[in-house]
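# Summary of structural features
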Amino acid sequence: MKIVHTIAELRSLLQPVAYRAFVPTMGNLHQGHLDLAQIARQRVDAQSASGAVVASIFVNRLQFAPHEDFDSYPRTFERDCELLQAQGCDIVFAPTEQDLYPEPQVFKVHPPAELADILEGAFRPGFFVGVSTVVHKLFNCVQPQLAVFGKKDYQQLMVIRRMVQQMALPMEIVGGETRRAESGLALSSRNGYLSAAEINEAVHLSRTLRELAQTIKQGNASGTLDVAAAEAHAMHSLTQRGWQPDYLTVRKQHDLSPIHGACHEPLVVLGAARLGKTRLIDNLELT
Ligand code: PAF
């Protein structure tokens, strides 16, 4: 596995590689990221052309608000590289800020408000501008045929899919399933901020989403669905346990727009809530 830090080194290494499968990350990797690398590996191995799995590790300042955890975001570069190597990754692109943003990034990608100013975007203004801008730039560096993103960041995956479609970027976007601990807790780099007691409590975000999904399914089946009441109940249950929920809601999968009553399109429940100082997100597609 080769580790490169500059765009020039990356381009020269990739020059003979016909098929590139890309996994962008901010490091501090867990099994969820490694699952994405495995999807990339399988797709490269299925190609007859020369191929490479490329992972990036870059903590992107542009997607952090000033009060957020950019400085304290865990940086575990050596361990990340060992894990990626064991997963069959071929190239790690780990630019410094100076390499990727040698001057202030004044050209930015602005996703549409109806997709990027709702849910996460409503609570983290500018987040999806930062994400879209860095992902677009990383795509230009790697020029992948395929890129893999986790469904754990459901809205992010949707924003990237729309960007690729609208900008006619010649690549396929694959969504990897959320990896969970046995308890049901979705793996996340930010779980590392939780105390032992909080880890036990954290499972209630996915439980509450499961209950909300169940209520929606039952209401849909019986024709008695009261979306606002179901969402309010979910918010209330987490609040009572000491959480500060930002949202727990059911949306249409295809554009994350709200539903107001019975709806037989594919749905997803999404939630974000603060437990102590840590903000966690999770989601479940309704089957
Ligand atoms: O999901 C992440 O880790 C980041 O948002 C990404 C896609 C690597 C962009 O910085």
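Quick summary incoming for the structure in this document. (Residues numbered from 1 in each chain as written. Predicted model: local features only at pLDDT ≥ 70, side-chain atom pairs only at ≥ 80, totals over all residues. Heavy atoms only, no water.)

## Focus on the overall build of the protein
The following threshold applies: The numbering of helices and of strands both runs from the N terminus, where a helix is a DSSP run of H or I of at least 4 residues and a strand a run of E of at least 2. Two things to know: the radius of gyration comes from C-alpha atoms, and the globule rule equals 2.2 Å times the number of residues to the power 0.38. For every residue, the accessible area (1.4 Å probe, protein chains only) is compared with the maximum for its type, and the residue is labelled buried under 20%, exposed over 50%, or partly exposed between those bounds.
Scanning the protein for helices and strands turns up 10 helices and nine strands. Taking 19 Å as the expected radius of gyration for a compact globule of 287 residues, we find that the protein reaches 19 Å, a close match to that expectation. Projected onto its principal axes, the C-alpha coordinates of the protein cover approximately 60 × 40 × 40 Å. Across the 287 residues of the protein, 54% fall into the buried class.

## A word on helix α7 (residues 127-142)
The condition is simple: One fewer than the residue count of a helix, multiplied by 1.5 Å, yields its expected span.
For α7, built from 16 residues, the straight-helix expectation of 22 Å at 1.5 Å per residue is met to within 8% by its first-to-last C-alpha distance of 22 Å. Of all 16 residues making up α7, 14 are buried, and the element is well covered by its neighbours. Q143 sits one or two positions beyond α7 and adopts a positive phi of about 50°.

## Digging into the environment of F139
The test is simple: For this analysis, residues touch if any pair of their heavy atoms sits within 4.5 Å.
When you line up the elements, F139 lands in helix α7. Setting aside its immediate chain neighbours within four residues, F139 contacts F22, P144, A147, F149, I160, M163, V164, L169, M171 and I173.

## A word on unusual backbone geometry
Not every positive phi belongs to a glycine, and N28 is a case in point at roughly 50°. On the basis of relative accessible area, N28 is assigned to the buried category, the value being 15%. For A168, which is not glycine, the phi dihedral falls at a positive 55°. Looking at where A168 falls in the secondary structure, it is placed in the loop between α8 (154-166) and β6 (172-176). A168 sits in the exposed class, given a relative accessible area of 60%.

## What about the side chain of N28?
Checked against the element boundaries, N28 lands in the loop between β2 (19-25) and α2 (31-45). Residues within four places of N28 in sequence aside, it is in contact with H33, P74, T76, D80 and S189.

## Notes on the nonpolar core
Rules: Only buried Ala, Val, Leu, Ile, Met, Phe, Trp, Tyr and Cys residues count toward a nonpolar core, and they belong to the same one when joined by side-chain atoms within 4.5 Å.
Ranked by internal contacts, the top residues of the largest apolar core, which has 44 residues, are L10, F139, I160 and I173. Of all the elements, α7 adds the most residues to this core, at nine residues. The residues contacting L10, other than those within four sequence positions of it, are V4, V54, I91, F93, C141 and V142. In this structure, L209, L212, L238 and L280 belong to the second largest nonpolar core, which totals 24 residues.

## Focus on the packing of α7 against α8
Helix-helix packing is described using two parameters, namely the angle between the two axes and the distance between the axes. Just so we agree on the cut-off: The convention used is that axes are lines fitted to C-alpha atoms, helices contributing only their stretch in contact, and that angles between N-to-C directions extend from 0 to 180 degrees. When an angle is under 35 degrees it counts as roughly parallel; over 145 it counts as roughly antiparallel; between 65 and 115 it counts as roughly perpendicular; any other value is oblique. The crossing is said to be left-handed when, going from far helix to near helix, the turn is anticlockwise and less than a right angle, and right-handed when the turn is clockwise. Any residue outside Ala, Val, Leu, Ile, Met, Phe, Trp, Tyr, Cys, Pro, Asp, Glu, Lys and Arg is labelled polar, Gly included; the first ten of those are nonpolar and the last four are charged.
Put simply, α7 and α8 touch, their axes get as near as 10 Å, and they point 55° apart. Judged on the interaxial angle alone, α8 and α7 are oblique. By crossing handedness, the relation of α7 to α8 is classed as right-handed. Along its contact with α7, which presents F127, F128, V131, S132, V135, H136 and F139, the element α8 presents Q155, Q156, V159, I160, M163 and V164. Along the lines of polarity and charge, the residues of the contact of α7 with α8 split into nine nonpolar, four polar and no charged.

## Brief notes about the site of the ligand
Put simply, the rule reads: Near, as used in this document, describes a residue that has one of its heavy atoms within 4 Å of the molecule or strand being considered. Think of a polar contact as two N or O atoms within 3.5 Å of one another; within protein, one of them needs to be a possible hydrogen donor and the other a possible acceptor, and neighboring residues in sequence only count if both atoms come from side chains. Accessible surface area values rest on a Shrake-Rupley calculation with a 1.4 Å probe, where residue burial reflects the displayed protein chains alone.
Surrounding the ligand, one finds P24, T25, M26, N60, Q63, V131, V134, V135, F149 and Q156. Side-chain polar atom of Q63 to an oxygen atom of the ligand: 2.7 Å apart, as the coordinates give it. One nitrogen or oxygen atom from the side chain of Q156 is found 2.7 Å from an oxygen atom belonging to the ligand. Calculation on the ligand without its partners gives an accessible area of 290 Å², and the protein chains cover 89% of this total.

## Brief notes about a nonpolar patch on the surface
As a reminder of what qualifies: Like-charged residues are merged into a patch within 9 Å and nonpolar side chains (Val, Leu, Ile, Met, Phe, Trp, Tyr) within 5 Å, provided each residue has over 30% relative accessible area and no salt bridge. Think of a salt bridge as a Lys or Arg side-chain nitrogen and an Asp or Glu carboxyl oxygen that are within 4 Å of each other.
A contiguous nonpolar patch, built from M1, I3 and F77 and spanning about 220 Å² of accessible area, is present on the exposed surface. Here M1 shows up in the segment before β1 (2-4).

## Digging into the pattern of salt bridges
If you walk through the whole model with that rule in mind, you get 14 salt bridges. Here D45 and R41 are joined by a salt bridge, their closest N and O atoms 2.9 Å apart. Linking D45 with R41, this pair stays in helix α2, spanning four residues, or about one helical turn. Here R41 falls in the buried class, since its relative accessible area comes to 18%. Here R180 and D282 are joined by a salt bridge, their closest N and O atoms 2.9 Å apart. Here R180, found in the loop between β6 and α9 (196-222), pairs with D282, found in strand β9 (residues 278-285); they are 102 residues apart in sequence, far enough to count as distant.

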